[in-house]
Amino acid sequence: MTGSSKRLFTTMLLLLMVLFATEMEPAKAWTMIKEMERVQARTCQSESPQFMGVCTTNSYCASICNTEGFLDGKCQFFRCRCSRQYC
């Protein structure tokens, strides 16, 4: 499984657990799942233009990305990749 399919599987499993725990209507739970898929599909990543050097710490990368106006940042293949919700 790739990272995004693992995340989607985990999200769906969590929602199913909430559904059974709270006895939520299945139609409402399905709507929540579809909304989460729609939001996840819009996440875009790009390389940080300000980060210099080798990226080894996700928290430092995230702080640089935040100063650039992105939501988050993670090290991928020793480069700082910033992410935002809308492309």
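As shown above, the structure is provided for reference.
Our subject in this report is the structure included herewith. (Residues numbered from 1 in each chain as written. Predicted model: local features only at pLDDT ≥ 70, side-chain atom pairs only at ≥ 80, totals over all residues. Heavy atoms only, no water.)

1. Looking at the sheet that holds strand S1 (residues 44-47)
In step 1: Taken together, three strands build an open sheet; the order of strands is S1-S3-S2 and the sheet is antiparallel. The sheet is open, and its two borders are formed by S1 and strand S2 (72-76), each paired with just one other strand. Across this sheet, the average inter-strand angle for adjacent strands is 35°, counted without regard to direction.
In step 2: The pairing of S2 with strand S3 (residues 79-84) spans five bridges and is classified as antiparallel. By the bridge assignment, Gly73 is partnered in S3 with Cys82.
In step 3: Packed onto the sheet, helix H3 (residues 58-67) meets S2 and S3 and runs at close to 135° relative to S2. (Pairing = 2+ DSSP bridges. Helix = DSSP H or I, 4+ residues; strand = E, 2+ residues; numbered from the N terminus. Axes fitted to C-alpha atoms, helices over the stretch in contact; angles between N-to-C directions. Contact = heavy atoms within 4.5 Å.)

2. Focus on the nonpolar core
In step 1: Judged by nonpolar contacts, Phe51, Cys55, Cys61, Ile64, Cys65, Phe70, Cys80 and Cys82 together constitute the single largest core of eight residues.
In step 2: The greatest single-element share of this core, amounting to three residues, is contributed by H3.
In step 3: The residues touching Cys82, leaving out its near neighbours within four places in the chain, are Cys44, Gln45, Ser46, Ser48, Cys65, Glu68, Phe70, Asp72 and Gly73. (Core = buried A, V, L, I, M, F, W, Y, C linked by side-chain atoms within 4.5 Å. Buried < 20%, exposed > 50% of the residue type's maximum accessible area, 1.4 Å probe, protein only.)

3. What to know about a nonpolar patch on the surface
In step 1: Among the surface-exposed residues, Phe9, Leu13 and Met17 lie close enough to one another that they form a single nonpolar patch of about 320 Å² accessible area.
In step 2: Within the secondary structure layout, Leu13 lies in helix H1 (residues 3-22).
In step 3: When its relative accessible area of 41% is taken as the criterion, Leu13 is described as partly exposed. (Patch = residues over 30% accessible without salt bridge, like charges linked within 9 Å, V, L, I, M, F, W, Y side chains within 5 Å. Areas by Shrake-Rupley, 256 points an atom, 1.4 Å probe, with all protein chains shown as cover. Salt bridge = Lys/Arg side-chain N within 4 Å of Asp/Glu carboxyl O.)

4. A closer look at the state of the cysteines
Put plainly, a disulfide is one covalent bond tying together the sulfur atoms of two cysteines.
In step 1: For the structure on display, the rule yields three disulfides.
In step 2: The partner cysteine of Cys61 in its disulfide is Cys80, sulfur to sulfur 2.0 Å. On the sign convention where negative means left-handed, the S-S torsion of about 90° between Cys61 and Cys80 marks this disulfide as right-handed. Linking Cys61 in helix H3 with Cys80 in strand S3, this pair joins segments that are 19 residues apart in sequence.
In step 3: What makes Cys80 buried here is its relative accessible area of 2%. (Disulfide = S-S within 2.5 Å.)

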